[in-house]
Amino acid sequence: GTHDPGSAVTWLQVADPGTQASQTAAGVFYRQGDAPNGATLQRAVDTQVLGLVISDASQVEQTVVRAFELGCDALLLDGTGDMDTAWSELDGAPDLNILRATIVTLRAMKKEEHIDLIWYGGARSGTDAAKLIAMGAKAIAYGMPVALALGGQIAAADHVEFEADRSEEERVSAIENLLKAHEGEASMMARCTGKTNLMNLEPEDLRAITIATAKASGIPLVGKST
């Protein structure tokens, strides 16, 4: 997020160019754009993860090149296209072209394993997470599943309201149960492909079931070899 949630929470900062990285953040991810007045995009401390945000598939190549120039550790791929909106996941289906284009660019540069990819947008289950990891993501950031587990209710096309009668313990338990369930689903996906480790999933383990998904992800359609 953009604001420090407090010392009890490990967090990743999303910042605009020119914004000072917070020393309390485990990592800082800068949005695309030029830093004003000569400001640089850099870590606040040496141990901090440094990365860039990609929200537009057309900006992938230049952002990836910039990431290596800055010595970034990771890229945050925003499949919603608009992380500035609180509930951008409600706007529509995520743009998988961003993940595909990033992988293609890294392969062309022969640097596919040189930078970690974190995906945000549209992941609803452990199965979704497993598919994204198979496509090349290293980690998945959840949005709406967590909001709903915390008692959130979709009140409008771009708004979520939360129940006020849940205790902190109930909310913590809900998140723990959500992550355990998703972990089990993701592990099951790996086992179904004969893999013992979730991170060993590859694009070859997947098949698309719609033409749209095949085009966006680069995953072959069922019944097709390419």
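This structure is a prediction, so every number in the text was calculated from the model and none was measured.

Chemist: How should I be thinking about the confidence of the model for the chain in this particular structure?
Modeler: Fine structural detail should not be taken from predicted coordinates in areas where pLDDT scores are low. Averaged over all residues, the pLDDT of the chain is 90; the fraction at 70 or higher stands at 96%. In the model of the chain, helix α6 (residues 211-217) stands out as the element of lowest mean pLDDT, 85, in contrast to strand β5 (residues 116-120), which has the highest, 97.

Chemist: I would appreciate a short explanation of the sheet that holds strand β4 (residues 74-78) in the present structure.
Modeler: Backbone hydrogen bonds are what pair the strands of a sheet, in a parallel or an antiparallel way. In spatial order, the strands read β1-β2-β3-β4-β5-β6; together these six strands make up an open sheet with parallel pairing. Whereas interior strands pair on both sides, the edge strands pair on one side only; in this sheet they are β1 (12-15) and β6 (139-141). For this sheet the average axis-to-axis angle between neighbouring strands, irrespective of direction, equals 25 degrees. Of the strand pairs in this sheet, β4 and β5 are connected by five bridges, and their pairing is parallel. Bridge pairing in β5 places Leu77 opposite Trp119. Contacts from helix α2 (residues 97-108) reach β3 (49-54), β4 and β5 within the one sheet, and its direction differs from that of β5 by about 170 degrees.

Chemist: In this structure, what is going on with helix α1 (residues 60-70)? I would like to understand it.
Modeler: Residues Val60, Thr63, Val64 and Ala67 constitute the buried set of α1. Each buried residue of α1 sits inside an arc of 100 degrees when the element is viewed along its axis, so together they form one side. What points out from α1, more than 90 degrees from its buried face, is the exposed set Glu61, Gln62 and Glu69. Buried residues along α1 sit against β3, β4 and α2. Two residues or fewer after α1 comes Gly71, characterised by a positive phi angle close to 75 degrees.

Chemist: Just checking my understanding: could you explain the packing of aromatic side chains for this structure?
Modeler: How two aromatic rings sit relative to each other is set out by the distance from centre to centre and by the angle between their planes. Per the counting criterion, the structure on display carries one aromatic pair. Consider the rings of Trp87 and Phe162, whose centres lie 6.1 Å apart with planes at 45 degrees: the pair is tilted. Within this pair, whereas Trp87 is found in the loop between β4 and α2, its partner Phe162 is found in strand β8 (residues 159-162), the two being separated by 75 residues in sequence. Residue classification places Phe162 among the partly exposed residues on the basis of a relative accessible area of 40%. Sitting above the plane of the Phe68 ring, Lys111 keeps its charged end 5.2 Å from the centroid.

Chemist: How should the nonpolar core be read in this particular structure?
Modeler: In a soluble, globular protein the nonpolar side chains are often hidden away together inside. Counting residues in hydrophobic clusters, the biggest one holds 39 residues, and the most contacted among them are Leu75 and Trp119. Among the elements that line this core, the one with the most residues is helix α3 (residues 126-135), at six residues. What Trp119 contacts, discounting residues up to four positions off in sequence, is Leu77, Gly79, Pro94, Asp95, Leu96, Ile98, Leu99, Leu132, Ala137, Ala139, Ile140 and Ala141. Judged by nonpolar contacts, the second largest core, of seven residues, contains Val14, Phe29, Leu76 and Tyr120.

The rules behind the values
- Residues numbered from 1 in each chain as written.
- Predicted model: local features only at pLDDT ≥ 70, side-chain atom pairs only at ≥ 80, totals over all residues.
- Heavy atoms only, no water.
- pLDDT = per-residue confidence, 0-100.
- Helix = DSSP H or I, 4+ residues; strand = E, 2+ residues; numbered from the N terminus.
- Pairing = 2+ DSSP bridges.
- Axes fitted to C-alpha atoms, helices over the stretch in contact; angles between N-to-C directions.
- Contact = heavy atoms within 4.5 Å.
- Buried < 20%, exposed > 50% of the residue type's maximum accessible area, 1.4 Å probe, protein only.
- Arc of directions from axis to C-beta.
- Phe/Tyr/Trp six-rings, centres within 6.5 Å; stacked < 30°, edge-to-face > 60°.
- Lys NZ or Arg CZ within 6 Å of the ring centre and 35° of its normal.
- Core = buried A, V, L, I, M, F, W, Y, C linked by side-chain atoms within 4.5 Å.

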